[in-house]
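# Inside the fold
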Amino acid sequence: MGEIIKLNESDENDLCRGISFYSFTEDFSEIRFQKKSRLSGKEIKIIVQALAAGKDFAQKKIINAVLIKKVLEENPDVKMAVDEIKNYDEYTYKHSLNTAFYAMLIAKWLKFSEKQVKEIICAGLLHDIGKLKIPLDVLNKKEKITDYEYGLIKNHTIYGFNLIRNMKGINNSIRQAVLLHHERMDKSGYPFKSGLSDINAYAKIIAVADVYDAMCSDRVYKKRKSHFEAFRMFKNEGHEIFDAKILKVFLSRMPKFLIGMDVLLSDGEIGTICEISPDSPEYPLIKTSHGLIAAGVDAAVLKII
Ligand SMILES: [Fe+2]
C-alpha cells in the first residue's frame, strides 16, 4: 500500500460502524475483457465488485464469460430456457446468471473438471427455472407472503425438475441440482428435507452460490445486505446447513475479491478495503483518512446507498 497506517485502538466506535459499497477499484467501462479461454483474476474481481456494488451491467459481463458463453452456445435448449426466464422475470434472470457465475468459481476452486464445471454452470443457469410456473404477483409480492403462497414458491424445485427432465444436454446430476438446491445438511430444506448423503455435490454448490447472491441482491420486498454480512452468516450459521468443504473454499477465496473497493461508512466517511482476514472475513480492514479501522457489519448500523 506504500503508506504505513496505524490502527486507532482508542476509537472503539469504529468497530461498529457499518459500511456500504461505494466504488470499484477499476473503471468498469474502460475494461475490455480479453478473448481467451478463461477469465483472469482481474476480470473475476471486476465482476464480483460490480455485483457487490449492485451494478446491472455485471450480468452482461457474466453472460460473456468464456465458459458460460460456451455452455450457452453448446446447449441451445439451455439458451432458450435462459431467454424464457429473462422474458418472464428480470430478477430471476439476473439471479440465475449470478448464481451460475459464483457456482462456476466454487467448482473451479474445488478443482472440478471442465466438463463438470460446465454442468454446474448449467445447473446454476437453470436452478430457478421452475419459477416460470409461479405467478409473478406471488414471485414479486412486496407484502409478506402467505403460507399458501410460500408453499407455491417452494414448488419451483419440483416444477424446475420436470421442466428440464427431457431437455437436451441435461444429465441426472444437473436435474438433481435443480431439484435439491434448497435442501440443507440439517434436513431443514425442501422439497424432501433430505440430509447430507442425499444431496449431490452440484446441489450443494448451487445452494451456497444461490444464497450468497440472494442475500446480496435487492428485491422488491427487501434491500440487499452487505457481502460482509453474508460472509458472517456463512461463517456463523453455515456449517449447520451447507457443505463444510464448499464453505471453507468459499470463505477463503471470495472475500479477497473485494479488497480495493471503496466503501461508505455509516457515518458518511469513505474508506478503502485494504485487508480481509481469512479468519474474520466479516470484518474487513478499512483505510480511512483517520487511519485503519475494522468495520462492523451489523445490520442495525449498515447504511446502503
Ligand atoms: Fe430456488
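Anything mentioned here points back to the structure above.
Residues numbered from 1 in each chain as written. Predicted model: local features only at pLDDT ≥ 70, side-chain atom pairs only at ≥ 80, totals over all residues. Heavy atoms only, no water.

### Considerations on the overall build of the chain
Looking only at helices and strands, the chain features 13 helices and five strands. Counting across all 305 residues of the chain, residues that qualify as buried make up 53%. A fraction of 66% describes how many contacts in the chain between residues 6 or more apart in sequence connect residues 24 or more apart. Approximately 14800 Å² of the chain is accessible, and the part contributed by carbon and sulfur atoms is 51%. (Helix = DSSP H or I, 4+ residues; strand = E, 2+ residues; numbered from the N terminus. Buried < 20%, exposed > 50% of the residue type's maximum accessible area, 1.4 Å probe, protein only. Contact = heavy atoms within 4.5 Å. Areas by Shrake-Rupley, 256 points an atom, 1.4 Å probe, with all protein chains shown as cover.)

### Looking at the environment of Ala103
Structurally, Ala103 can be placed in helix 5 (residues 90-109). Distance from Ala103 to Ile205, taken between C-alpha atoms, is 6.0 Å for residues 102 residues apart in sequence. Each residue touching Ala103, except ones within four places of it in the same chain, is listed here: Ile120, Ile205, Ile206 and Ala209.

### Here we look at the coordination of the iron ion
Surrounding the iron ion are the protein donor atoms Asp128 (OD), His156 (NE2), His181 (NE2) and His182 (NE2), at 2.1 to 2.3 Å. Sequence positions of the residues that donate to the iron ion give the spacing D-x27-H-x24-H-H. Note that Asp128 is positioned in the loop between helix 6 (114-126) and helix 7 (136-139) and His156 in helix 9 (residues 156-163), a separation of 28 residues in sequence. (Donors = N, O, S within 2.8 Å, 3.2 Å for Na, K, Ca; no water.)

### Regarding the pairing of strand 5 (residues 291-294)
With four bridges connecting them, strand 4 (residues 285-288) and strand 5 associate as antiparallel partners. Directly across from Ile286, in strand 5, lies its bridge partner Ile293. Remark: two residues form the turn of the hairpin made by strand 4 and strand 5, two consecutive strands paired antiparallel. (Pairing = 2+ DSSP bridges.)

### Things to note about helix 10 (residues 172-180)
Among the residues of helix 10, those classed as buried are Ile174, Arg175, Ala177, Val178, Leu179 and Leu180. Between a side-chain oxygen at the N-terminus of helix 10 and the backbone nitrogen of Ser173 the separation is 3.1 Å; the capping residue is Asn171. (Polar contact = N/O pair within 3.5 Å; in protein donor to acceptor, adjacent residues only side chain to side chain.)

### Remarks on the packing of helix 3 (residues 66-74) against helix 4 (residues 76-88)
Between helix 3 and helix 4, whose axes approach to 5 Å, the crossing angle comes to 105°. Between helix 3 and helix 4, the interaxial angle falls into the category roughly perpendicular. Contacts from Leu72, Glu73 and Glu74 in helix 3 reach Pro76, Val78, Lys79 and Val82 in helix 4. For the contact of helix 3 with helix 4, the class distribution of residues is four nonpolar, no polar and three charged. (Axes fitted to C-alpha atoms, helices over the stretch in contact; angles between N-to-C directions. Parallel < 35°, antiparallel > 145°, perpendicular 65-115°, else oblique. Nonpolar A, V, L, I, M, F, W, Y, C, P; charged D, E, K, R; others polar.)

### Notes on the pattern of salt bridges
Here the structure, examined in full by the defined rule, presents 10 salt bridges. Close ionic contact of Glu114 with Lys70 constitutes a salt bridge, the shortest N to O distance being 3.5 Å. In this pair, Glu114 is assigned in helix 6 and Lys70 in helix 3, connecting sequence segments 44 residues apart. Classification of Glu114 by relative accessible area gives partly exposed; the value is 44%. With a shortest N-O distance of 3.8 Å, Lys204 and Asp243 are connected by a salt bridge. Highlighted residues: Lys204 in helix 11 (residues 201-215) and Asp243 in the loop between helix 12 (227-241) and helix 13 (244-253), separated in sequence by 39 residues. Overall, the relative accessible area of 13% leaves Lys204 in the buried class. Residue Asp243 is classed as buried on the basis of its relative accessible area of 16%. (Salt bridge = Lys/Arg side-chain N within 4 Å of Asp/Glu carboxyl O.)

### Section: the environment of Val78
Positionally, Val78 belongs in helix 4. Val78 sits 48 residues away from Leu126 along the chain, and the two C-alpha atoms are 7.6 Å apart. The residues touching Val78, leaving out its near neighbours within four places in the chain, are Leu72, Cys122, Leu125, Leu126, Met167 and Ile170.

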